[in-house]
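Per-entry structural report
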Amino acid sequence: MKAYRGRFAPTPSGPLHFGSMVAAVGSYLDARSRGGDWLLRIDDLDPPRVMPGAADAILRCLEDFGLHWNGEVVFQSTRSEAYRDALERLRAQKRVYPCGCSRKDVEEAAMAAGMDGPVYPGTCRNGIPPGREMRSLRVLTDNNPVEFEDRLQGPVRQQLAAEIGDFVLWRIDGIFSYHIACVVDDADSGITHVVRGADLIDSAPRQIYLQRLLRLPTPEYLHLPVAVNADGEKLSKQTLASAVDSGNAAGTLDRILQFLGHTPPPEAADGGVETILSWGIRNWNRELLPRLRFAAPYSGTRADR
Ligand SMILES: [Zn+2]
């Protein structure tokens with residue numbers, strides 16, 4: 001069996017909040033409970049989304065929470081050459097074509113709503129219409145179903161051409177898409193297991209499709225429930241989710257374990273981060289994880305649990 005290599009890959013758009021910490025802790029415990037490595041990658045590809053100082057704050061926060069990673073931190077902003085190579089390989093296969101459509105053009109031309117925005121109807125497959133200029137490069141998709149078995153959520157199946165459409169790999173401003181970057185980085189880091197939030201489950205088939213075109217291995221996927229607030233909104237910078245408090249790291253780890261269906265004894269939570277994390281590593285059990293895509297964190301205290 002191949003040695004387990006997992007990872008956590010936050011976007012440095014702000015400090016870690018409860019929701020992002022769930023993905024950090026879940027991926028960490030899944031890796032460590034199997035004697036695996038746990039790597040850290042900073043997904044800082046898209047400059048407008050990057051908040052200055054946030055990457056450093058994330059590293060410090062993970063250390064405060066006792067979540068120590070293996071090896072060097074990978075920053076996606078330094079990896080353009082690897083992404084460009086992958087894009088060139090897809091171009092050589094004639095799988096990539098230039099598109100001159102703006103977001104508005106796609107909205108107007110789309111025939112279907114799609115699960116991740118309007119489905120691109122293939123406007124530029126045979127060339128950019130007159131009067132438009134190249135804005136992006138898209139990958140040709142088809143309707144052969146992409147299927148995988150999520151380790152928590154079960155079978156997932158998508159027909160990319162019908163449900164997503166040809167998707168963007170590169171934008172004219174020089175930004176590579178999350179999908180191609182993620183696939184190239186996971187492969188170059190030898191990642192065997194991806195554990196992340198279920199808000200990304202619909203993007204997994206796009207990534208598997210790219211892995212197949214690029215002849216890269218497909219890791220095992222496990223998509224954890226995403227923490228939502230009382231209004232059902234994902235906790236994020238946009239919903240003003242507050243940063244996790246490093247001063248009460250053990251208490252937060254206790255709440256995260258409960259959110260993930262685990263019940264640490266009070267003495268584990270009272271013993272500090274190392275104690276509760278080692279309890280988590282010993283007791284991590286995939287069967288206990290809630291098989292949900294979205295869930296609200298329990299807001300009460302241990303006493304009334
Ligand atoms: Zn187009």
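Residues numbered from 1 in each chain as written. Predicted model: local features only at pLDDT ≥ 70, side-chain atom pairs only at ≥ 80, totals over all residues. Heavy atoms only, no water.

1. What about helix H10 (residues 273-283)?
In an α-helix there are 3.6 residues to a turn, and that puts residues three or four apart on one side. Rule in force here: Only protein chains enter the accessibility calculation, which uses a 1.4 Å probe; a residue whose area is less than 20% of its type maximum is buried, one above 50% is exposed, and one in between is partly exposed. Counting from the N terminus, the helices are DSSP H or I runs at least four residues long and the strands are E runs at least two residues long. The arc under discussion is defined with respect to the helix axis, by the directions toward the C-beta atoms. Any two residues whose heavy atoms approach within 4.5 Å are treated as being in contact.
Those residues of H10 that fall on the buried side of the exposure criterion are Val273, Ile276, Leu277, Trp279 and Gly280. Taken around the axis of H10, the buried residues stretch over an arc of 155°, which confines them to a single face. The secondary structure elements touched by the buried residues of H10 are helix H1 (18-32), helix H2 (54-64), helix H8 (249-259) and helix H9 (266-270).

2. Regarding the coordination of the zinc ion
Which entries qualify depends on this criterion: Distances decide who is a donor: an N, O or S atom must be within 2.8 Å of the metal, or within 3.2 Å for Na, K and Ca. Water is not included, so sites may look incomplete.
Donor atoms from the polypeptide that coordinate the zinc ion comprise Cys99 (SG), Cys101 (SG), Tyr120 (OH) and Cys124 (SG), at 2.1 to 2.4 Å from the metal. For the zinc ion, all donor residues lie on one chain, and their spacing in sequence is C-x1-C-x18-Y-x3-C. Summarising the burial analysis for this pair, tyrosine 120 and cysteine 124 share the class buried.

3. What to know about the sheet that holds strand S3 (residues 74-75)
The following threshold applies: Between any two strands, pairing holds if DSSP finds at least two bridges. For every element, the axis is a line fit to its C-alpha atoms; helices are fit only across the contacting stretch, and the angle between N-to-C directions ranges from 0 to 180 degrees.
Read across the open sheet, the 3 strands follow the order S1-S2-S3; overall the sheet is parallel. In this open sheet, the two strands that pair with only one neighbour each are strand S1 (5-8) and S3. Sheet topology places S1 next to strand S2 (residues 37-42); 4 bridges connect them, and they run parallel. Bridge pairing links arginine 7 to leucine 39 in S2. Together, S1, S2 and S3 form the strand contacts of H2, whose direction differs from that of S2 by roughly 160°.

4. A word on the pairing of strand S7 (residues 154-158)
The two faces of the sheet receive side chains in turn, since in a regular strand these alternate between them. Examined bridge by bridge, strand S6 (residues 146-150) and S7 share 5 bridges and lie antiparallel to one another. Residue pairing for S7: valine 146 is matched across the bridge by glutamine 158. Linking S6 to S7, which pair antiparallel, is a turn of 3 residues.

5. Quick word on the packing of aromatic side chains
Formally: Centres within 6.5 Å make a pair out of two Phe, Tyr or Trp rings, where for Trp the six-membered ring is used; the pair is then stacked when the planes are under 30 degrees apart, edge-to-face when over 60, and tilted otherwise. Working rule: Lys NZ or Arg CZ, within 6 Å of ring centre, within 35 degrees of ring normal, means a charge sits over the ring.
Within this structure, the stated rule accounts for 5 aromatic pairs. Where phenylalanine 8 meets tryptophan 38, the ring centres are 6.2 Å apart and the plane angle is 10°; that geometry is what we call stacked. Linking phenylalanine 8 in strand S1 with tryptophan 38 in strand S2, this pair joins segments that are 30 residues apart in sequence. Judged by its relative accessible area of 5%, phenylalanine 8 falls in the buried class. The class of tryptophan 38 is buried, set by a relative accessible area of 0%. Through a chain of ring-to-ring contacts, three or more aromatic side chains come together here, namely Phe8, Tyr28 and Trp38. Between arginine 138 and the ring centre of tyrosine 120, over which it is positioned, the NZ or CZ distance is 3.7 Å.

6. Notes on unusual backbone geometry
With a phi angle near 60°, lysine 94 is a residue other than glycine that sits in the positive phi range. Mapped onto the elements, lysine 94 comes out in the loop between helix H3 (80-92) and strand S4 (96-99). Its identity as a non-glycine residue notwithstanding, arginine 215 has a phi of 55°, on the positive side. Among the secondary structure elements, arginine 215 is positioned in the loop between helix H7 (204-213) and strand S10 (220-224).

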